[in-house]
Amino acid sequence: MRFPSFLKKRKISRKRTAWFIIGVVLFVLLLLFVIVPMIEKTRKMEEEIVLKKKVLLKYSEFLQRRKAIEEELVRVQRKHEGIHQSLLTGETPQLSAAHLQEIVKRLLEKNGMTIRGFRILEPKDLSIYQKISIHIDFNPVNNLLSLIQFIHDIESNDKALMISEMNLLVPNPRMPSSIQGSFVISGLVKAAKTKEKGRER
């Protein structure tokens, strides 16, 4: 028995419609459960990558800043240590003056000079430091180079000494190379220690 041709066409069109509907359903399911989640996952991954890049950039900047800060701290610490090492030792102004006197005496002997006398001057407050000074009178020096070397040794000493005052004279005009005179030589000590000791007394 043969079906009419129009019935065959209708049967084929129904099959095509069914397959089309199935295809649409599969596409929607694929879109909803595969493609959209993949797109969403990719978007989240890209956002996460951008966020991680920002975090890494901030961390890198922090490391650079930390390195600069650490270098600055090291520099300040070294500077502080250098300043501390350049101060006179001694818990009181008298002990600091004794330390200063010892240094000056050693430099005088080094350059073949002798002193007629010395005296300790009153310390002067300079902010967080105290200026410790001694006045020395030296005997005539026959070698001018020795005097120049002594002045250089004082000014270039590790303890940051300074010549606050200098009086030179030629006692005998017939011997112009023979010079005598006096110096006021000063150094620094941290003021806090001396003040605390003064309060304890």
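One can find the structure itself at the top, above this paragraph.
Participant: What exactly am I supposed to notice about the overall build of the chain here?
Facilitator: The number of helices and strands found in the chain is four helices and five strands. Classification of the 201 residues of the chain by burial places 22% in the buried group. The long-range fraction of contacts in the chain, counting pairs at least 24 apart against all pairs at least 6 apart in sequence, stands at 66%. Approximately 15,500 Å² of the chain is accessible, and the part contributed by carbon and sulfur atoms is 61%.

Participant: In this structure, what is going on with the packing of helix 2 (residues 93–110) against helix 3 (residues 144–155)? I would like to understand it.
Facilitator: When two helices pack together, their arrangement is given by the angle between the helix axes and by the axis-to-axis distance. Running from N to C, helix 2 and helix 3 point in directions that differ by 150°, and their axes come no closer than 9 Å. Like other packed secondary-structure pairs, helix 2 and helix 3 cross with a definite hand, here right-handed. Packed against helix 2, whose contacting residues are Val-104, Leu-107, Leu-108 and Lys-110, the element helix 3 presents Gln-149, Phe-150, Asp-153 and Ile-154 at the interface. Of the residues that constitute the contact of helix 2 with helix 3, the class distribution is five nonpolar, one polar and two charged.

Participant: Would you mind going over helix 2 with me for this structure?
Facilitator: Residues lying three or four places apart along an α-helix face the same way, a consequence of the helix completing one turn every 3.6 residues. Here helix 2 contains 18 residues, and its C-alpha end-to-end distance of 26 Å stays within 8% of the 26 Å for a straight helix at 1.5 Å per residue. Of all the residues in helix 2, the buried ones are Pro-93, Ser-96, Ala-97, His-99, Leu-100, Ile-103, Val-104, Leu-107 and Leu-108. After helix 2 finishes, the residue Gly-112 shows a positive phi value of roughly 70°.

Participant: Please clarify how the nonpolar core should be interpreted in this entry.
Facilitator: Generally speaking, soluble globular proteins have nonpolar side chains that are buried together. Formed by 22 residues in total, the largest nonpolar core has its most connected members in Leu-100, Val-104, Ile-136, Phe-150, Ile-154, Phe-183 and Ile-185. Here the element with the most residues in this core is helix 2; it accounts for six residues.

Participant: Whenever I open this one, unusual backbone geometry confuses me. Can you help?
Facilitator: Working note: non-glycine residues mostly have negative phi, and peptide bonds are mostly trans. One non-glycine residue, Ala-160, adopts positive backbone phi at about 50°. Tracing the sequence through the fold places Ala-160 in the loop between helix 3 and strand 4 (162–169). Residue Ala-160 is classed as partly exposed on the basis of its relative accessible area of 34%.

Participant: What am I meant to see in the side chain of Ser-146 here?
Facilitator: Position of Ser-146 relative to the elements: it lies in helix 3. Owing to a relative accessible area of 16%, Ser-146 belongs among the buried residues under this scheme. Those residues in contact with Ser-146 that sit more than four places away from it in its chain are Asn-111, Met-113 and Val-141.

Participant: Help me understand the pattern of salt bridges, please; the structure alone is not making it clear to me.
Facilitator: If charged atoms from side chains of opposite charge come close, those side chains can pair. As enumerated under the stated definition, the model contains three salt bridges in all. In this structure, the salt-bridge partner of Arg-43 is Glu-40, at a minimum N-O distance of 2.2 Å. Of the two residues, Arg-43 and Glu-40 both sit in helix 1 (residues 5–85), three residues apart, roughly one turn of that helix. Since its relative accessible area comes to 36%, Arg-43 is described here as partly exposed. Between Arg-43 and Glu-47 there is a salt bridge; the shortest N-O distance is 2.6 Å. A residue pair is termed a helical-turn pair when its members lie 3 or 4 positions apart in one helix, as Arg-43 and Glu-47 do in helix 1 at four residues. Three or more residues are tied together by salt bridges with common partners; here these are Glu-40, Arg-43 and Glu-47.

Participant: Mind showing me how you'd approach the packing of aromatic side chains here?
Facilitator: Two measures describe an aromatic ring pair: the distance that separates the ring centres and the angle between the ring planes. The final tally for this structure, using the stated rule, is two aromatic pairs. Judged by centre distance (5.3 Å) and plane angle (20°), the rings of Phe-138 and Phe-183 are stacked. Of this pair, Phe-138 sits in strand 3 (residues 129–141) while Phe-183 sits in strand 5 (residues 179–190), and the two are 45 residues apart along the sequence. The exposure class of Phe-138 is buried, given its relative accessible area of 0%. Accessibility expressed as a relative area gives 1% for Phe-183, which makes it buried. With centroids separated by 5.6 Å and ring planes inclined at 50°, the aromatic side chains of Phe-150 and Phe-183 adopt a geometry described as tilted.

Conventions we followed
Residues numbered from 1 in each chain as written. Predicted model: local features only at pLDDT ≥ 70, side-chain atom pairs only at ≥ 80, totals over all residues. Heavy atoms only, no water. Helix = DSSP H or I, 4+ residues; strand = E, 2+ residues; numbered from the N terminus. Buried < 20%, exposed > 50% of the residue type's maximum accessible area, 1.4 Å probe, protein only. Contact = heavy atoms within 4.5 Å. Areas by Shrake-Rupley, 256 points an atom, 1.4 Å probe, with all protein chains shown as cover. Axes fitted to C-alpha atoms, helices over the stretch in contact; angles between N-to-C directions. Left-handed = near helix turned anticlockwise from the far one by under 90°. Nonpolar A, V, L, I, M, F, W, Y, C, P; charged D, E, K, R; others polar. Expected span 1.5 Å × (residues − 1). Core = buried A, V, L, I, M, F, W, Y, C linked by side-chain atoms within 4.5 Å. Salt bridge = Lys/Arg side-chain N within 4 Å of Asp/Glu carboxyl O. Phe/Tyr/Trp six-rings, centres within 6.5 Å; stacked < 30°, edge-to-face > 60°.

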